[in-house]
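Residues per chain, in single letters:
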Amino acid sequence: MTRSIRAAIATAAAVATLAIAAPAQADPFDPRPGSDGAGDPLFPTLGNGGYDVRHYDLSFDFTPVTYDFTGTMRISAKATQDLSSFNLDIDSLAVDEVRVNGEHAAWTVSPGRSGQELTVTPAGGLHDHRPFEVTVTYHGNGKAKPVGAPGWRHMSDGGFVSAAQSSRADTFAPVNDTPRDKASWSFHLTAPAGWTPAANGTATGTRPAADGRTTYDFRLDAPMASELLGISVERQTLLTGRGPHGVRLRHYVPDDQVATYRPIVERTGDQIAWLEQTLGVRYPFDTYGMQIVRDGYGDALENQTLSLFGPNWFKNAGTSTTYTNVMIHELTHQWFGDSVTPTTWHSAWLNEGPAVYYAALWAEQQGTASMEDRMRTAYGRLDAVRKTDGPPGLPTALGGFNIYDGAAVVLYALNQRVGRDDFDAIMKAWLIEHRHGNADSQDFVDNAVRVTHDPTLRPFLEDWLFSTDNPPMPGHPDWS
């Protein structure tokens, strides 16, 4: 072996040794706080950033009359950045302990714009793309907020129902309170004898708890935004049934009013069938029901799989069926708003517009009201509302005429423009494409263009959604 060969071999061996000894290059760990808001244009500090919730598991023990409660929220999430700390939304909750991945974590509570911010600092931080578990134990009182304030609805007998939309789920439990972070849920609600808890999803059983109390378990596998939280403890009776293709129906009505409300809730199966035929899409969940309260709440709300109704809607049920319109409105939300949820609250018209539109279509087919008359009246009012409260696609606040009847006018205009067949195809494709997800106004415009292969629908819909003036109504040049 020559000297040059021996030198080459020695050099190669040295390089190999260095290669073996050199440590692997690790990804840099750069932990930073997650944002204390999700950037919603209407509620900038609502929700939080830096993580994605996958599952909520809520244990909630409620004492009627006194409204005292204790809770444990277990959150399964995944980091979307390296986290030194992250926030959860709470309001009027007294936090007792926080654990992250089973270990004690530091935490602070500070004021937020709409409630409070629970800032959690886990030891060592959390790595991007890694799953983690958070457990928050807490207690509180359901009358910490004024009676009638959003969130808690107090019944005269000492029970409650939740009406959390749009930002008051945090009065019941720590959550990432933004519609864009949907998750599956489990509920374990505990109450004394004589009181019946209810929650979103499917009832999975009951278990004895301490002091003669009982825990009721529920599971919701389809993802749900926190604003659709529907829990209650009331003196109520469960009524069950079956809807189209085996959909489980379960309704909760006051114990002493079963005979009054049974014939009302029994209309639900036929209404699901009507909407399935009208939309061309099956009901998106495996259970549905109505919760009709005794008192303490006067509106209606699309809590996912368990719509909430105040009693006033049904006062004339013996002489009129107009109450079915609001039943259709909230049922329509299970498709529009609950299954397909807006990414931000600026797109809330995608919830309320279809609910108003299809309830009006139902009323027309029932022979109780004219769709055209309602849309013409709404069209005439909408022009001024655009200038004061914003157009349907850019509201300055929630709950206005613009995102309800005004948004239904947008859908009516689209129907007039493209015809019924293409309109139905647009709405069907929307529900299928975004099932159990999030989408916004531009997604809806894109969907309409894609389904019809008509690019002129883009400026048409953008004008209807975002202009401060009413565009002309197709097919109705006399409307002004």
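Above this text is the structure in question.
Sequence order as written defines residue numbering, which begins from 1 separately in each chain. For this predicted model, a pLDDT threshold of at least 70 governs which residues receive local features, and a threshold of 80 or more governs which side-chain atom pairs are given and counted, while totals over whole chains, interfaces and linings are taken from all residues. Only heavy atoms go into the side-chain values, all of them from the structure, while hydrogens and water stay out.

1. Regarding the overall build of the protein chain
Rule in force here: The secondary structure listing takes helices from DSSP runs of H or I that are at least 4 residues long and strands from runs of E that are at least 2 residues long, numbered from the N terminus. Burial classes follow relative accessibility: with a 1.4 Å probe on protein chains only, a residue under 20% of its type's maximum area counts as buried, one over 50% as exposed, and anything between as partly exposed. In this description, contact between two residues means that some pair of their heavy atoms is separated by no more than 4.5 Å. Surface accessibility follows the Shrake-Rupley procedure with a 1.4 Å probe radius. Residue values consider only the protein chains on display as shielding. Charge assignment in this entry is limited to Lys and Arg as positive and Asp and Glu as negative, and neither His nor the chain termini are counted. Where a charge lies is defined by one atom per residue type, namely NZ (Lys), CZ (Arg), CG (Asp) and CD (Glu).
Of the regular secondary structure elements, the protein chain holds ten helices and 23 strands. For the protein chain, the spread of C-alpha atoms along the three principal axes comes to 105 × 65 × 45 Å. Looking at the protein chain as a whole, 55% of its 480 residues are labelled buried. Residue pairs at least 24 apart in sequence account for 68% of intrachain contacts in the protein chain once pairs closer than 6 positions are excluded. As displayed, the protein chain has an accessible area near 19,700 Å², and 51% of this comes from carbon and sulfur atoms. Charged side chains in the protein chain number 38 positive and 56 negative. The centres of these two groups are separated by 4 Å.

2. What to know about the sheet that holds strand β18 (residues 248-254)
For the record, the criterion: In this description, strands pair whenever DSSP reports at least two bridges between them. Under this scheme, a helix contributes an axis fitted over its contacting stretch, all axes are lines through C-alpha atoms, and angles between N-to-C directions fall in the 0 to 180 degree range.
The strand order across the open sheet formed by five strands is β17-β18-β19-β21-β20, and the pairing between neighbours is mixed. The strands lining the two open edges of the sheet, one partner per strand, are β17 (236-242) and β20 (300-301). Taken strand by strand, helix α2 (residues 258-265) contacts β17, β18 and β19 (287-292), and its axis lies near 150° from that of β18. The strands touched by helix α4 (residues 323-333) are β19, β20 and β21 (306-309); relative to β21, the strand with the most contacts, the crossing angle is about 140°.

3. Quick look at the nonpolar core
Cut-off, in case you're wondering: By nonpolar core is meant a set of buried Ala, Val, Leu, Ile, Met, Phe, Trp, Tyr and Cys residues that side-chain atoms within 4.5 Å join together.
Within the largest apolar cluster, 63 residues are counted, with the highest numbers of intra-cluster contacts made by W335, W349, Y358 and F444. At the level of elements, α3 (268-279), α4, α5 (349-365), α6 (371-389), α7 (405-418), α8 (420-433), α9 (441-452) and α10 (457-466) are the ones that each hand at least two residues to this core. Discounting chain neighbours no more than four positions away, the residues touching W335 are I272, L275, E276, L279, V281, R282, Y283, P284, V340 and L431. By size, the runner-up hydrophobic cluster in this structure holds 52 residues, among which are F160, A191, L228 and L229.

4. Focus on the packing of aromatic side chains
What counts here: Only Phe, Tyr and Trp rings are paired, with Trp represented by its six-membered ring, and only when their centres lie within 6.5 Å; those with planes under 30 degrees apart are stacked, over 60 edge-to-face, the remainder tilted.
Under the defined criterion, the tally for this structure stands at 33 aromatic pairs. With 5.2 Å between their ring centres and 85° between their planes, Y357 and Y358 make a pair best called edge-to-face. Judged by its relative accessible area of 4%, Y357 is buried. Aromatic ring contacts, followed pair by pair, group F60, F62, Y67, F69, Y138, W152, F160 and F172 into a single cluster.

5. Describing the sheet that holds strand β9 (residues 131-141)
Read across the open sheet, the eight strands follow the order β6-β5-β9-β3-β2-β12-β15-β14; overall the sheet is mixed. Looking at the sheet topology across the chains shown, the edges are occupied by β6 (103-104) and β14 (202-208). Here strand β2 (residues 51-63) runs beside strand β12 (residues 183-191); their pairing, made up of seven bridges, is parallel. Paired with L58 across the strands is F187, a residue of β12.

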